[in-house]
Structures are given as C-alpha cells and as structure tokens.
Amino acid sequence: LSSLTRLFQLDLNMNQFESIPSVLLDLPSLEWLDMGSNKLQKLPSDIDKMQRLHTIWLQRNEITELPDSISCLRNLNTLVLTSNRLKRIPHCLQGLENLRFVNFRDNPLERQVTLPPCQDEEEEGERELFGLEFMHLYIQESIGCSIKENTDCIQ
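These numbers come from a predicted model, not from an experiment.

By the definition in use, this model includes two aromatic pairs. With a centroid separation of 6.0 Å and 45° between ring planes, the pair formed by F134 and Y138 is classed as tilted. With F134 and Y138 both in helix α3 (residues 132–154) and four residues apart, the pair spans about one turn of that helix. Each of the two residues, F134 as well as Y138, counts as buried.

Which parts of space are left empty comes out when a probe the size of a water molecule is rolled across the atoms. Each pocket or cavity is described by its volume, and for the largest pocket that value is around 160 Å³. What lines the largest pocket is simply D106, N107, L109, R111, Q112, V113, T114, L115, L129, F130 and F134. A class-by-class count of the residues in the lining of the largest pocket yields six nonpolar, three polar and two charged.

Right, let's get into empty space enclosed by the protein. Evaluated as defined, the whole model comprises one cavity of 30 Å³ or more. In this structure, the largest cavity encloses a volume near 30 Å³. Looking at the largest cavity, the residues that line it are T64, E65, L66, L86, R88 and P90.

What follows deals with the nonpolar core. One broad trend across soluble globular proteins is that nonpolar side chains are buried collectively. By size, the foremost hydrophobic cluster in this structure holds 38 residues, and its most contacted members are L79, L93 and F104. Among the secondary structure elements, those contributing two or more residues to this core are α1 (22–25) and α3. Top element by residues in this core is α3. It accounts for four residues. Ignoring anything within four residues of it in the chain, the contact list for L79 reads I56, L58, I70, L93, L99, F101, V102 and N103.

On the basis of which strands lie adjacent, the open sheet formed by five strands has the order β1-β2-β3-β4-β5 and parallel pairing. If you trace the sheet from one side to the other, it starts and ends with β1 (9–11) and β5 (101–103), each paired once. On average, each strand axis in the sheet is tilted by 5° relative to the strand beside it, whichever way the strands run. Across three bridges, the pairing between strand β2 (residues 32–34) and strand β3 (residues 55–57) is parallel. From the neighbouring strand, D34 faces β3, where its bridge partner is W57.

Cut-offs used in this document
- Residues numbered from 1 in each chain as written.
- Predicted model: local features only at pLDDT ≥ 70, side-chain atom pairs only at ≥ 80, totals over all residues.
- Heavy atoms only, no water.
- Phe/Tyr/Trp six-rings, centres within 6.5 Å; stacked < 30°, edge-to-face > 60°.
- Helix = DSSP H or I, 4+ residues; strand = E, 2+ residues; numbered from the N terminus.
- Buried < 20%, exposed > 50% of the residue type's maximum accessible area, 1.4 Å probe, protein only.
- 1 Å grid on protein atoms, 1.4 Å probe; cavity = no way out; pocket = protein on both sides within 12 Å on 5 of 7 lines; lining within 4 Å.
- Points joined across faces, edges and corners; volume = space filled by probe spheres on them.
- Nonpolar A, V, L, I, M, F, W, Y, C, P; charged D, E, K, R; others polar.
- Core = buried A, V, L, I, M, F, W, Y, C linked by side-chain atoms within 4.5 Å.
- Contact = heavy atoms within 4.5 Å.
- Pairing = 2+ DSSP bridges.
- Axes fitted to C-alpha atoms, helices over the stretch in contact; angles between N-to-C directions.

In structure tokens:
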C-alpha cells in the first residue's frame, strides 16, 4: 500500500481490522477512508498525519474514545461514528472548523442532550438528531458541567 502515493479513496469496510494500519497514515493523497464494520477499538494517536483526509467512515466498530489529535485534521468535513462505544464526545472536535457532517447515533453517550425545537417545520424534518448541532450542544453542556463540578469541589 505504501507505494500507492496517488490513492485518494480507500474502502476497507467489513473486514476484521482491530486498528488502522500504520501504512495508511503515510498515504500522502488519501482523502476518503471507509473502515466501517471492523473491530477498531481506538484510533491511532498520530491520526493527524492524514492531513488530506476529508471523509472518514468509522461506523459499526468498537471505538471507545477519540484521540485529541483528530482535531488537527483541518480538512475533515465528514465523520461518521454511529454504532460504536463512545461514552462522551471530546471537546477537541469543536476545533474542526470544516466539519459539516457528523453522526454519533447508537453510542452509549453518558449525557442526554435535547436539541431546542426548530422554528421551521421543514428544517425540523431535515435535522439530524445526532449531528453537528447535537455535537456542539453536547460539548457545551459537558463543559458547563465540568466547570460546575470543579466549582463545587473548590467550595
């Protein structure tokens, strides 16, 4: 694989991968990666080496947490994490300015978050309940709780 320097799209879904092969981190042109339906438990801490990556599909794995380095993937605009084992959404994801689509559906998230109602019925029908708006609200609520917990400990 390392000789495929012009490879920009790779589909490795429905295999038995337990980790992302390190050779993928060094593919200079890789922009789109599907590793759904594998046995991934975590992402490599140096995933930020995949600087051209704009889409990553990680649905139906066993991922329990995301490394902070994922926030350095500046081109990332699609992140699919449905049906994993995530208990929380890391704060670092707020730094992904180009992120346009994310999905956390079917994860055992610790915090219950309810999106505020939409003003427009048409918008309500198109809203993704575990998408980008959900992610930002989840992170804001968890930051608020962390601050409150720290304040309670100080008093």
